[in-house]
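This is what each chain is made of:
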Amino acid sequence: MGEEYRLTLAGLQALLDALGARGYHILGPRLRDEAIIYDEVTKLADLPAGWTDRQEAGQYRMERRADNALFGYALGPQAWRRFLQPPRHTLWRARRADPAADDFDILPADTAPPKFAFLGVRACELHAISIQDRILRDNAYADASYTARRAEAFFIAVNCGMAGGTCFCASMGTGPTAQTGYDLALTELLDATRHEFLIRAGSARGAALLAILPHTPANEADRAQEAAILADTAQHMGRTLETNGLKERLQANLEDPHWDEIATRCLSCGNCTMVCPTCFCTTLEDHTNLAGTEAVREQRWDSCFTLDFSYIHGDSVRAGIAARYRHWLTHKLANWVDQFGEMGCVGCGRCLTWCPAAIDITAEAAAIGRATHDQEDQHGNA
Amino acid sequence: MKAAPLRPAPYRVRRIKRELHGVTTLELVPAQGAVPAFEPGQFNMLYAFGVGEAAISISGDPAQADCLTHTVREMGAISTALAQAHPGTMLGVRGPFGTAWPTRAAEGLDVVLIAGGLGLAPLRPAILRLLAARPLYGRLILLYGARSPNELLYRHELEHWRQRLDVDIHVTVDYADAGWHGNVGVVPRLIPRLGLDAQNTLAMVCGPEVMMRFCGAALHDAGVAMDRIHLSMERNMKCALGLCGHCQFGADFICKTGAVMRYDQVAQRLRLREI
Ligand SMILES: Cc1cc2nc3c(=O)[nH]c(=O)nc-3n(C[C@H](O)[C@H](O)[C@H](O)COP(=O)(O)OP(=O)(O)OC[C@H]3O[C@@H](n4cnc5c(N)ncnc54)[C@H](O)[C@@H]3O)c2cc1C
Ligand code: SF4
Ligand code: SF4
């Protein structure tokens, strides 16, 4: 980590101004429809000062804080994914002279990538983006649109001053402190005497920007205050997940009756896949104009909870909800390790919070294979 | 990594052949440039204007470099649009993708090729390569099962191969008609009767998943090593680039580590439902 400096509220506004002057479209937290969402931010007044979120499985509520913290919430429903891999996106267009023509031309879609600056990226979200990098950028084939948007983006992390009721980044080793992947990282220092930020640069372009902002070196007391905040956050995770042996246990228990039990609760609505910051699945759709002369191919987010997702030969491979939930959970916490060398879950808790049936990935993962587990324990003790 | 090829290349249908009711073979030539090299077992994504793209195995001779040959069964909108193409129609092609039948690893071994239904199409390039280099291989056996006699694909070519004395061909149908004198019953049942020299046998199997599961088990029972049994798996496929997530089969992306996969790697999953 780079050296720490102190940044005032005016300094933070100067950061926004400097990014704006450099042509960045700044996205950050805003309060809208009783939730924190990511949208355009140009002034500090745009930020959700004094608001926090209360989260539980199946529950999300905005509440007033006793102070005016700008980043005093845990996480909203949207991940940054929607800006790096948009929910709907045109890949190319095709054109022919008339509907009976044999020939057509395929034309690329406009691809100039937008230049985003992301303000308020949590440690778990930075980690989720690094997970998506492995899939969409560093894989055998790279998704050109993702790669370009990703390369342009400027990341301003904000370390978490509080853990949400469904958070478990500490279990996943992804938070609450941003370790890598940011250009600048902030920690909000707020008490009766001051409202400031600790700021450090994580990249050359971050350091270059920091250099032109009004800042002063941080002292021992600042660092101690930050350490205390982050230690407190890590100790107050709403959830935990035991990851030791988890991959093997899940892969060895694909026929556990507990999958069927989950299916009695899961509505197969796909909310969990829409809010998850690591989910990457997409589908391709083709449309034509009425005249039949223009065709367009679009990429759209897809969910493994739909029947279409696994449709072949007039039927769905994963026809039952148990199979679909099993596919999702074993992908996140087990198969992902085989595919990409790490789990596909960063412990952000969104899938718990936004599940209408309050299904909790940490509880379900702990329950799978428990019967065999207990037996083994008994044998071990005997 | 390379940039994902998302835009299809234009090809033109040169010739069509109606093989069976609803099954057509297309010969495609590139509108510009050369036909890419491919290995038996690989597939392309074929695009019909405005309708969409489908994964279709290459069914042509790998030694024939001037066109791409594909055999398409009409299943839904896309495959029907492809099969209804006529000479001159432009189609889009992305590929080739996926793993290959182990024609090189099979050198010096007896080879059993087992096809069910349209599964003969993805095996055809392997068969043609083996026949073209016949002395490199031991015994060659082709087992082919179809639902009924009038659903036998490449019938003319099967007769032609049958006339060669250096390949054993066994054809079976689930339901015979009055004119049928051959085997009746499912393909896996033929395996124990082949008298395989199991220690020196490699198998390539392509057909419906249940049929491949039973064939894998029967070959294994006959003593063929699991890692010498190769199957061509199928899952819903959209991008063929390992990016869309659709073709996952356990931890495998069929477009990357398949479609041709080793039985020892998939046997456990084949026993489970809805994977
Ligand atoms: C590796 C591979 C090789 C194949 N080789 C051939 C071949 O040589 N000849 C041939 O006729 N067919 C082949 N298929 C199957 C072919 O891709 C499907 O029949 C086709 O996608 C159906 O599309 P549709 O829109 O006509 O039908 P619908 O049944 O309406 O399908 C709708 C959508 O579901 C998906 N889908 C449906 N069935 C399949 C399937 N079996 N496999 C993958 N996705 C599917 C596709 O995304 C399709 O767009 C192959 C499939 C795979 C995965
Ligand atoms: S687990 Fe919850 S959010 Fe996910 S599909 Fe089931 S009901 Fe919907
Ligand atoms: S699986 Fe759930 S907790 Fe894990 S990263 Fe996705 S949304 Fe967050």
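To start, this report covers the structure provided alongside it. (Residues numbered from 1 in each chain as written. Chains lettered and ligands numbered in written order. Predicted model: local features only at pLDDT ≥ 70, side-chain atom pairs only at ≥ 80, totals over all residues. Heavy atoms only, no water.)

**As for the pattern of salt bridges**
Evaluated as defined, the whole model comprises 47 salt bridges over all chains. Note that Arg200(A) and Glu4(A) form a salt bridge whose closest N and O atoms lie 3.1 Å from each other. In this pair, Arg200(A) is assigned in strand E12 (residues 195–201) and Glu4(A) in the segment before strand E1 (5–8), connecting sequence segments 196 residues apart. With relative accessibility at 3%, the residue Arg200(A) sits in the buried group. Note on Glu4(A): relative accessible area 17%, which makes it buried. Among the ionic pairs, Arg297(A) bridges to Glu53(B), the shortest N-O distance being 2.5 Å. Taken as a pair, Arg297(A) in strand E15 (residues 294–301) and Glu53(B) in strand E5 (residues 52–57) lie in two separate chains rather than in one. (Salt bridge = Lys/Arg side-chain N within 4 Å of Asp/Glu carboxyl O. Helix = DSSP H or I, 4+ residues; strand = E, 2+ residues; numbered from the N terminus. Buried < 20%, exposed > 50% of the residue type's maximum accessible area, 1.4 Å probe, protein only.)

**Here's the deal with the sheet that holds strand E6 (residues 88–95) of chain A**
All names here are of chain A. Taking strand neighbours across the sheet as the criterion, the 4 strands line up as E7-E6-E15-E14 in an open arrangement whose pairing is antiparallel. Sheet topology places strand E7 (105–108) and strand E14 (282–288) at the edges, where each strand pairs with a single neighbour. Between one strand and the next, the sheet's axes are offset by a mean angle of 25°, whatever the strand orientation. The pairing of E6 with E7 spans 4 bridges and is antiparallel. The residue bridging Arg95 from the neighbouring strand is Asp105, located in E7. (Pairing = 2+ DSSP bridges. Axes fitted to C-alpha atoms, helices over the stretch in contact; angles between N-to-C directions.)

**Here we look at the packing of aromatic side chains**
All names here are of chain A. Counted under the stated rule, the structure contains 23 aromatic pairs over all chains. Seen in terms of ring centroids, Phe83 and Phe118 are 6.0 Å apart; in terms of plane orientation they differ by 40°. Their pairing is tilted. Of this pair, Phe83 sits in helix H2 (residues 81–84) while Phe118 sits in strand E8 (residues 116–121); the two residues are 35 residues apart in sequence, bridging distant segments of the chain. There is no split in this pair, since Phe83 and Phe118 are both buried. An aromatic cluster is defined as three or more aromatic residues linked by ring pairs; in this entry it consists of Tyr38, Trp80, Phe83, Phe116, Phe118 and Phe155. Its guanidinium or amino end placed over the ring of Trp301, Arg81 lies 3.8 Å from that ring's centre, counting from NZ or CZ. (Phe/Tyr/Trp six-rings, centres within 6.5 Å; stacked < 30°, edge-to-face > 60°. Lys NZ or Arg CZ within 6 Å of the ring centre and 35° of its normal.)

**Some remarks on empty space enclosed by the protein**
Residues and elements named next belong to chain A. Overall, the coordinates contain 7 cavities of 30 Å³ or more when judged by the stated rule. Quantified by volume, the largest cavity comes out at close to 140 Å³. As for the largest cavity, its lining consists of 17 residues, and the residues nearest its centre are Cys266, Cys272, Tyr325, Cys355 and Ile359. At the level of secondary structure, the elements contributing two or more residues to the lining of the largest cavity comprise helix H10 (271–275) and helix H11 (321–340). Residue classes in the lining of the largest cavity are distributed as 13 nonpolar, 3 polar and 1 charged. Of the pockets and cavities examined, the second largest cavity occupies roughly 100 Å³. Ranked by residue count, the leading element in the lining of the second largest cavity is H11, at 5 residues. (1 Å grid on protein atoms, 1.4 Å probe; cavity = no way out; pocket = protein on both sides within 12 Å on 5 of 7 lines; lining within 4 Å. Points joined across faces, edges and corners; volume = space filled by probe spheres on them. Nonpolar A, V, L, I, M, F, W, Y, C, P; charged D, E, K, R; others polar.)

**Let's talk about the site of ligand 3**
Residues and elements named next belong to chain A. Near ligand 3, the surroundings consist of 13 residues, among which Cys276, Cys345, Cys348, Gly349 and Cys351 are the closest. Looking at the shell around ligand 3, the elements that each hand over two or more residues are H11 and helix H12 (350–353). A per-class count over the shell around ligand 3 returns 9 nonpolar, 2 polar and 2 charged. (Near = heavy atom within 4 Å.)

**A few points about the packing of helix H3 (residues 123–136) of chain A against helix H4 (residues 144–152) of chain A**
Packed helices, taken two at a time, are described by the angle between their axes plus the distance between the axes. Residue and element names in this part refer to chain A. Closest axis-to-axis distance for the H3/H4 pair is 10 Å, and the angle between their directions is 140°. As for how H3 packs across H4, the hand of that crossing is left-handed. Touching Ile129, Gln132, Asp133 and Leu136 of H3 are Tyr146, Thr147 and Arg150, all from H4. A breakdown of the residues in the contact of H3 with H4 according to their chemical character gives 3 nonpolar, 2 polar and 2 charged. (Left-handed = near helix turned anticlockwise from the far one by under 90°. Contact = heavy atoms within 4.5 Å.)

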